[in-house]
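# Examination of the molecular architecture
Chain by chain, the residues:
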Amino acid sequence: MEQIKIKYFTDEIDKLTYIDGKSDWIDLRASEEVALKKGEFCLIPLGVAMQLPEGYEAHIAPRSSTYKNFGIIQPNSVGVVDGSYCGDNDMWRMPVIAMRDTVIHVNDRICQFRIMRNQPVIQFEEVRHLEGEDRGGFGTTGKQ
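Report on the accompanying structure. Sequence order sets the numbering: in each chain, residues are counted from 1 along the sequence as written. Given that the model is predicted, a residue must reach a pLDDT of at least 70 before its local features are reported, and side-chain atom pairs must reach 80 or more before they are shown or counted; all residues, however, enter totals for whole chains, interfaces and linings. Calculated side-chain values reflect all of the structure's heavy atoms, with hydrogen atoms and water omitted.

## Focus: the sheet that holds strand β6 (residues 56-62)
Strands qualify as paired when DSSP identifies two bridges or more between them. Per the convention used, a helix needs a DSSP run of H or I reaching at least four residues, while a strand needs a run of E reaching at least two, with both numbered from the N terminus. Across the sheet, four strands lie side by side as β2-β11-β6-β8; this open sheet has antiparallel pairing. What marks the edges here is a single partner per strand, and that holds for β2 (26-29) and β8 (79-81). The mean angle between the axes of side-by-side strands here comes to 35°, regardless of whether they run parallel or antiparallel. Strand direction decides the pairing type here: β6 and strand β11 (residues 109-117), joined by seven bridges, are antiparallel. Note that in β11 the partner of I60 across the bridge is F113. Every angle, taken between N-to-C directions, lies between 0 and 180 degrees, and every axis is a line fitted to C-alpha atoms, over only the stretch in contact when it is a helix.

Structure below.
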């Protein structure tokens, strides 16, 4: 089992927990109250900083209920926290755009993360033809 050093910036949010058997994603919470008007952008503070193990990164994505509950979207779709973002003041934040007027309260669960191994070093080999089955170049059926 890997260990991750974590710093909490506030006592007002619940500590991170892994819910065994339910999901391997872990919820993150807003650590400050944020009021947004429709169309506004904000980096919502998540109240934690972590020192990830060597060779790992974190992927942050909205929870499935985030848009329904708060009317916010994450403009970069999935955030990636690389291992170098591990300093004492490197608090994680979620970039959001408000699609309606909204308020996010302290301790609201707004996103989730998982820890992933870094991609291995790869080398590209240029070829004129690929050996796989040709599916038509669009989606799973090859039809538009």
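What follows picks up the thread again.
## A short note on the pairing of β11
Moving residue by residue along a regular strand, the side chains alternate between the two faces of the sheet. Here β2 pairs with β11 via four bridges, running antiparallel. The residue of β11 that forms the bridge with R29 is R109.

## Details of the sheet that holds strand β4 (residues 41-45)
Through backbone hydrogen bonds, the strands of a sheet pair up, either in parallel or in antiparallel fashion. The three strands are arranged β4-β9-β7 in an open sheet whose pairing can be described as antiparallel. The open sheet has two edge strands, β4 and β7 (72-73), and neither has a second partner.

Such coordinate-based values are descriptive only and should not be taken to indicate function.
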